[in-house]
Amino acid sequence: MNLHAIKAIYKFEMARTRRTILQSVVSPVISTSLYFVVFGAAIGSRIESVEGVAYGAFIVPGLIMLSVLTQSITNASFGIYFPKFVGTVYELLSAPISFLEIVLGYVGAAATKALMIGLIILATAAVFVPLQILHPVWMLSFLVLTCITFSLLGFIIGIWADNFEKLQLVPLLVVTPLVFLGGSFYSISMLPPVWQTVTLFNPVLYLVSGFRWSFYGTADVSVGISLAMITLFLVLCLAVIWWIFKSGYRLKS
Amino acid sequence: MPPIISVSNLSKTYDGGHEALKDVSLDIERGEILALLGPNGAGKTTLISIICGIVSASGGNVTVDGHDIVSDYRHTRSLIGLVPQEITLEPFETVSNTVNFSRGLFGKPRNPVIVEKVLRALTLWDKKDQKIMALSGGMKRRVLIAKALAHEPRILFLDEPTAGVDVELRKEMWQLVDTLRDDGVTIILTTHYIEEAEAIANRVGVINDGKLLLIEDKDAMMRRMGQKQMQIRLQTATDKIPPQLTPYDLERSEDGLTLTYTYDTMAERTGITKLLTDLNAAGLVLRDVQTSQSSLEQIFVDLVKATP
Ligand SMILES: Nc1ncnc2c1ncn2[C@@H]1O[C@H](COP(=O)(O)OP(=O)(O)OP(=O)(O)O)[C@@H](O)[C@H]1O
Ligand SMILES: [Mg+2]
């Protein structure tokens, strides 16, 4: 294991985060606050509580997930796309490191940043609504697992993308709709039966559901299934990345 | 001692179907400075990229320090430093950050002393906290070299290190290469400047169209392939070359005072003695004779032209 390399990549990436701290942290906090104002206060005051939880509090896990997913993907995809874009990727390819070490460095840094932002949003939420976390350990585990899994996905996107449009396409066209339709702001039991079935194909549902369970003890699907789905997705991403480095896809000619 | 790099039957066909390397084999000795010459698109960068792990080979294999570059990449790559042809650097990073990063990436623990030594050697020390985008082109090239040297490699690849570099800096780089050679570092450089190869290399390889045309000791090559010219200065001008001297293919200068004779040093007979006798017989009085050797450049151009 080339630990020095992992450390070097991780620190290099975290330094990038530190340089852009304002836009990295401030913008998610502002947008989350806006969500609270609009959904929690303005609309939420007219909605009955959902499954015994006040609406403002009900949407907190979904909101955190929305930010964490987008952050994980954009951080990780940008982290590996940028060296490709400016050409410094030659150094990664010529260094005595395995794909696992490259992934640990880049994905580790992206996940760390996403986790930090998730926790900041959690703290911001606590200012607006009374929060209750029934299973804090599970809450943290779900959060960490999500950060890692979606940073892996972001890493794949960063390697696949060969221009900036593609880099932004996936978060914009895929992730945001999936999060909105994945029960972030409602319980799927509020949907007509047909749509409930459709929603079951949305992977984000399992994330949000499991995450919300760790807060309030209620879930759309059972926690075991949530956990299994995230793990499955994680393994899938790892397999794709393993294949990328084995075949040199978009990295080596 | 076994060669530090051994390339056997290496070939590379890019995805588009272009054959960039065709069955290339060569050995690189420990501590030598090898210059690879070749026109644009010859395959120099491709060869280097395969050895360094950036491009995968289509056929053949390479060992570095006796280890295969694919199955034993950790060992082989940790020995190698690469200065790429293109200037590729993270624009928003500082010089020292990016050099430290390179060292870590190659598996070495942080070492401010070595990094300082490298930066000073490249006169980058006072620029260490500057952002790379604020540096001039020549400075950026130095940063690339600093990055490649940060992990104290035993083998250094310099892919056109002096392209776009002023004379001053070029001389400095040659000096650096000398210092590294004294430390026992093996250096492989590609260049379009023949005088560069002539000035610093021990051996010269010529690549054209994916094939290694020859690789040879520089001096031996110049001796073997070199054509010598003899300038014969005359006491009094001659307005035409006497007919008995036509077989020598002499060239007469404008003023008629100098005749130039070109001969091959490797030919069985250079014909000099006979020429001098014949000159005498033709009634030309010599004032001075001078010989000069053709440059590596001439050899190179002849060689590449001769390839079908
Ligand atoms: N990634 C690639 N995909 C397809 N073809 C490539 C690729 N890289 C290089 N080639 C082709 O392979 C050939 C050899 O290129 P290479 O870069 O090795 O030449 P070179 O000797 O380094 O030339 P130069 O002196 O211009 O740097 C060229 O014809 C080039 O167009
Ligand atoms: Mg080249």
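Residues numbered from 1 in each chain as written. Chains lettered and ligands numbered in written order. Predicted model: local features only at pLDDT ≥ 70, side-chain atom pairs only at ≥ 80, totals over all residues. Heavy atoms only, no water.

Chemist: Help me out: how do you make sense of the overall build of chain A in this one?
Modeler: Regarding its fold elements, chain A presents 11 helices and 0 strands. Going residue by residue from the N terminus, the α and β elements of chain A occur as α-α-α-α-α-α-α-α-α-α-α. Radius of gyration (C-alpha) of chain A: 19 Å, near the 18 Å computed for a compact globule of 253 residues. Taken along the three principal axes of its C-alpha coordinates, chain A extends 60 × 40 × 35 Å. Excluding contacts between residues fewer than 6 apart, the proportion of contacts in chain A whose partners are at least 24 apart in sequence is 80%. By element, 73% of the accessible surface of chain A is carried by carbon and sulfur atoms, the whole surface being about 11,000 Å². Where the 13 positive side-chain charges of chain A centre and where its 8 negative ones centre are 9 Å apart. (Helix = DSSP H or I, 4+ residues; strand = E, 2+ residues; numbered from the N terminus. Rg over C-alpha atoms; globule rule 2.2 N^0.38 Å. Contact = heavy atoms within 4.5 Å. Areas by Shrake-Rupley, 256 points an atom, 1.4 Å probe, with all protein chains shown as cover. Lys, Arg positive; Asp, Glu negative; His and termini not counted. Charge placed at Lys NZ, Arg CZ, Asp CG, Glu CD.)

Chemist: So what exactly am I meant to see when it comes to the coordination of the magnesium ion (ligand 2) here?
Modeler: Around a metal, the ideal angle is 109.5 degrees if four donors adopt a tetrahedral arrangement and 90 or 180 degrees if six donors adopt an octahedral arrangement. The magnesium ion (ligand 2) binds to the protein through T45 of chain B (OG1) and Q85 of chain B (OE1); the donor distances cover 1.9 to 2.1 Å. Taken together, the positions of T45 of chain B in helix α1 (residues 44-52) and Q85 of chain B in the loop between β6 (80-83) and α3 (95-105) put the pair 40 residues apart, joining distant regions of the chain. (Donors = N, O, S within 2.8 Å, 3.2 Å for Na, K, Ca; no water.)

Chemist: Would you take a moment to explain the interface of chain A and chain B for this structure?
Modeler: Frequently, the measure chosen for interface size is the accessible area that the parts lose on association. Counting residues at the interface gives 27 residues for chain A and 32 residues for chain B. Summed over both partners, the interface of chain A with chain B comes to about 2,700 Å²; 59% of that surface belongs to carbon and sulfur atoms. When the shortest N-O distance is used, the salt bridge between R19 of chain A and E93 of chain B registers 3.1 Å. Taken together, the connections running from chain A to chain B amount to 11 residue pairs in polar contact (both at pLDDT 80 or more). At 8 residues, helix α1 (residues 3-19) of chain A tops the list of elements feeding residues into the side of chain A that touches chain B. Counted by class, the side of chain A that touches chain B contains 14 nonpolar, 7 polar and 6 charged residues. (Buried area = accessible area lost by both parts, 1.4 Å probe. Salt bridge = Lys/Arg side-chain N within 4 Å of Asp/Glu carboxyl O. Polar contact = N/O pair within 3.5 Å; in protein donor to acceptor, adjacent residues only side chain to side chain. Nonpolar A, V, L, I, M, F, W, Y, C, P; charged D, E, K, R; others polar.)

Chemist: When you look at the environment of S214 of chain A in this model, what are you seeing that I'm missing?
Modeler: Residue and element names in this part refer to chain A. Inspection of the secondary structure assignment puts S214 in helix α10 (residues 203-216). S214 gets classed as buried once you look at its relative accessible area, which sits at 0%. Between the alpha carbons of S214 and R19 there is a distance of 34 Å; along the sequence they are 195 residues apart. When sequence neighbours within four positions are dropped, the list of residues in contact with S214 reads I133, L134, H135, W138 and M139. A polar atom in the side chain of S214 sits 2.5 Å from the backbone oxygen of F211. (Buried < 20%, exposed > 50% of the residue type's maximum accessible area, 1.4 Å probe, protein only.)

Chemist: Could you clarify how one ought to interpret the environment of L181 of chain A in this entry?
Modeler: Residue and element names in this part refer to chain A. For L181, the position within the fold is in the loop between α8 (164-180) and α9 (193-199). You can call L181 exposed: its relative accessible area is 53%. It is 9.9 Å that separates the C-alpha atoms of L181 and W195, two residues lying 14 residues apart in sequence. The contacts of L181, once residues within four sequence positions are left out, are Y186, T199 and N202.

Chemist: Just checking my understanding: could you explain the nonpolar core for this structure?
Modeler: As a rule of thumb, nonpolar side chains are buried together in soluble globular proteins. One finds I5 and F157 of chain B to be the most contacted residues of the largest nonpolar core, which totals 149 residues. The element best represented in this core is helix α7 (residues 136-160) of chain A, accounting for 11 residues. In contact with I5 of chain B, not counting residues within four places along its chain, are L26, D27, I28, I51, V62, T63, V64, I155, F157 and I188 of chain B. Judged by nonpolar contacts, the second largest core, of 13 residues, contains Y248, L250, L259 and L275 of chain B. (Core = buried A, V, L, I, M, F, W, Y, C linked by side-chain atoms within 4.5 Å.)

Chemist: Honestly, the sheet that holds strand β7 (residues 155-159) of chain B in this entry has me stumped. Any pointers?
Modeler: Whether parallel or antiparallel, the strands of a sheet pair through hydrogen bonds between backbone atoms. Residue and element names in this part refer to chain B. Taking strand neighbours across the sheet as the criterion, the 6 strands line up as β6-β7-β8-β3-β9-β10 in an open arrangement whose pairing is mixed. Each edge of the sheet is formed by a strand with only one pairing partner; in this case those strands are β6 and β10 (211-217). For this sheet, the mean angle separating the axes of adjacent strands, direction not counted, is 15°. Note that β6 and β7 share 4 bridges and pair parallel. From the neighbouring strand, L82 faces β7, where its bridge partner is F157. α1 rests against β3 (33-37), β6, β7, β8 (186-191) and β9 (203-208) of the sheet, and its axis sits at about 150° to β7. Each of β6 and β7 is contacted by helix α5 (residues 137-149), which is oriented at about 170° to β6, the strand it contacts most. (Pairing = 2+ DSSP bridges. Axes fitted to C-alpha atoms, helices over the stretch in contact; angles between N-to-C directions.)

Chemist: Just checking my understanding: could you explain the environment of I121 of chain A for this structure?
Modeler: Residue and element names in this part refer to chain A. On the secondary structure map, I121 appears in helix α6 (residues 99-128). Separated by 31 residues in sequence, I121 and Y90 have C-alpha atoms that sit 37 Å apart. Ignoring anything within four residues of it in the chain, the contact list for I121 reads P28, T32, I64 and S67.

Chemist: Can you help me understand the packing of aromatic side chains in this one?
Modeler: Each aromatic ring pair is specified by the distance between its two centres and by the angle formed by the two planes. Residues and elements named next belong to chain A. This structure, assessed with the given rule, holds 21 aromatic pairs over all chains. Aromatic side chains Y55 and F58 sit 6.4 Å apart centroid to centroid with 20° between the ring planes, which places their arrangement in the stacked category. Of this pair, Y55 and F58 both sit in helix α3 (residues 55-58), 3 residues apart, roughly one helical turn. When sorted by exposure, Y55 lands in the same class as F58, which is buried. Both rings, one in Y81 and one in F85, keep their centres 5.9 Å apart while their planes meet at 20°; by these two values the pair is stacked. On the criterion of helical spacing, the pair formed by Y81 and F85 is a turn pair, its members being 4 residues apart in helix α4 (residues 60-86). Given a relative accessible area of 3%, Y81 falls into the buried group. (Phe/Tyr/Trp six-rings, centres within 6.5 Å; stacked < 30°, edge-to-face > 60°.)

Chemist: Explain the layout of surface pockets here, please?
Modeler: One way to see where empty space is left: roll a probe the size of a water molecule over the atoms. What the largest pocket holds in volume is close to 890 Å³. When residues of the lining of the largest pocket are traced back to their parent elements, those giving at least two are α1, α2 (21-43), α4, α6 and α8 of chain A. When residues of the lining of the largest pocket are assigned to their parent elements, the largest contribution, 12 residues, is made by α4 of chain A. Taken together, the residues of the lining of the largest pocket break down into 15 nonpolar, 15 polar and 5 charged. Of the voids in this model, the second largest pocket is the one considered here, and its volume is about 690 Å³. The wall of the second largest pocket is formed by 26 residues, among which F245, K246 and K252 of chain A together with V70 and R77 of chain B lie closest to the centre. When residues of the lining of the second largest pocket are traced back to their parent elements, those giving at least two are α5 (89-94), α6 and α11 (223-247) of chain A together with β4 (59-64) and α2 (73-79) of chain B. Here the lining of the second largest pocket takes 4 residues from α11 of chain A, the largest share from any one element. Per-class residue counts for the lining of the second largest pocket are 15 nonpolar, 7 polar and 4 charged. (1 Å grid on protein atoms, 1.4 Å probe; cavity = no way out; pocket = protein on both sides within 12 Å on 5 of 7 lines; lining within 4 Å. Points joined across faces, edges and corners; volume = space filled by probe spheres on them.)

Chemist: Looking at this model, I keep getting lost on helix α6 (residues 167-182) of chain B. Mind explaining?
Modeler: Residues lying three or four places apart along an α-helix face the same way, a consequence of the helix completing one turn every 3.6 residues. All names here are of chain B. Over its 16 residues, α6 extends 23 Å from the first C-alpha to the last, a length consistent with the 22 Å expected when each residue adds 1.5 Å. Along α6, the residues classified as buried are L169, R170, M173, W174, L176, V177 and L180. Viewed along the axis of α6, the buried residues span an arc of 160°, placing them on a single side of the element. Facing away from the buried side of α6 by more than 90 degrees, the exposed set consists of V167, E168, Q175 and D182. Where α6 is buried, its residues contact β3, α4 (112-121), α5, β7, β8 and α7 (194-200). Of the residues flanking the end of α6, it is G184, one or two places downstream, whose phi is positive at about 90°. (Expected span 1.5 Å × (residues − 1). Arc of directions from axis to C-beta.)

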